[in-house]
Amino acid sequence: MLQQTPVVRVLPVWHEWLERWPTPAGLAGEPAGEAVRSWGRLGYPRRALRLHAAAAAITEKHKGKVPDTYTELLALPGVGSYTAAAVAAFAYGRRETVVDTNIRRVHARLVSGTALPAPALTAAEMRLAASLLPAADAPSVRWNAAVMELGALLCTARAPKCGACPVNDLCAWRAAGEPPPSYIPKGQAWHGTDRQVRGAVVAVLRLAEEPVPAEMFHHEPADLGFAPAGIGVPLAALHRLNSAPEQLERALAGLLADGLAELHDGGYRLPA
DNA sequence: GATGCGTGGCT
DNA sequence: TAGCCAAGCAT
């Protein structure tokens, strides 16, 4: 849930999930669509699908217990190098090189003297992080947590709070006069993209209790002569995007391909 | 290595 | 207010 999503937005959903599915087996015992539905508006709903798949893998291959090694964690769906290291370190106390966006930014500034880390995680960054990690297990966990928090709370991407930083006297970027970034990060396009349409379609499917006919996506409900049950609001939002028919087709096809939707009785629904 | 993939708070 | 950006991953 925390992948690319701020902590404060994750917390309420996380609590709901743990109450509803206290164990991996509990989640694995329900349809994947239920995971997507209860994902709410966290974004990137593929993560819900993969979390469900990970729960199934944990149930089947790990006797229902979340594995405690980096390698086993990495093999789970939706778990990459960051998440595998973070779980091994923070849940199991292991010494792992945890590198998230916060840690990358702190290292870039404090050590490398640049305003921002490289556009993508590099081998050099991993080597640097590994070289800074304390040798013993417990201190390494504290180090990972501390650097991550420093980045999240003080050494932020925009308007870093250098005045409150406990290590500002060690900061290479500050010592260099806070030079501007050497490149301009290109923002993620949104308006008019397939991505926006996909999001609007999934919003409809989340609320739908019956398969949604393709015509519902392509035409105004008023033109169809019948009222959609319970999905009027997200459907209206989708139509307001006024996307081209082929764009809608791409979005629907993409959702099918990703397993976020399936065809049933001539309509689209979340995977049952 | 580059791209596609959500959503909403903050400035 | 339009854009930035957030505990990344898979392909």
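Rules and cut-offs
- Residues numbered from 1 in each chain as written.
- Chains lettered and ligands numbered in written order.
- Predicted model: local features only at pLDDT ≥ 70, side-chain atom pairs only at ≥ 80, totals over all residues.
- Heavy atoms only, no water.
- Helix = DSSP H or I, 4+ residues; strand = E, 2+ residues; numbered from the N terminus.
- Buried < 20%, exposed > 50% of the residue type's maximum accessible area, 1.4 Å probe, protein only.
- Phe/Tyr/Trp six-rings, centres within 6.5 Å; stacked < 30°, edge-to-face > 60°.
- Near = heavy atom within 4 Å.
- Polar contact = N/O pair within 3.5 Å; in protein donor to acceptor, adjacent residues only side chain to side chain.
- Nonpolar A, V, L, I, M, F, W, Y, C, P; charged D, E, K, R; others polar.

Details of the side chain of Thr83
Line of reasoning, step 1. Locating Thr83 in the fold gives a position in helix H6 (residues 81-91).
Line of reasoning, step 2. Relative accessible area serves as the criterion here: at 18%, Thr83 is assigned to the buried category.

Thoughts on the packing of aromatic side chains
Line of reasoning, step 1. In this structure the tally under the stated criterion is three aromatic pairs.
Line of reasoning, step 2. Centroid distance Trp17 to Trp21: 4.9 Å. Interplanar angle 80°. Geometry classified as edge-to-face.
Line of reasoning, step 3. What makes Trp17 buried here is its relative accessible area of 6%.
Line of reasoning, step 4. Overall, the relative accessible area of 5% leaves Trp21 in the buried class.
Line of reasoning, step 5. Between Phe217 and Tyr268 the ring centres are 5.8 Å apart and the planes differ by 75°, which places this aromatic pair in the edge-to-face class.

Details of the protein's contact with DNA strand B
Line of reasoning, step 1. Looking at DNA strand B, there are 18 residues lining it, with Arg9, Arg41, Pro45, Arg195 and Arg198 nearest.
Line of reasoning, step 2. By atom count, sugar and phosphate contribute 52% of the portion of DNA strand B lying within 4 Å of the protein.
Line of reasoning, step 3. At a separation of 2.6 Å, a base oxygen of DNA strand B approaches a polar side-chain atom of Arg9.
Line of reasoning, step 4. Ranked by residues supplied to the surface near DNA strand B, first place goes to helix H11 (residues 194-207) with four residues.
Line of reasoning, step 5. Among the residues forming the surface near DNA strand B, the class breakdown is four nonpolar, five polar and nine charged.

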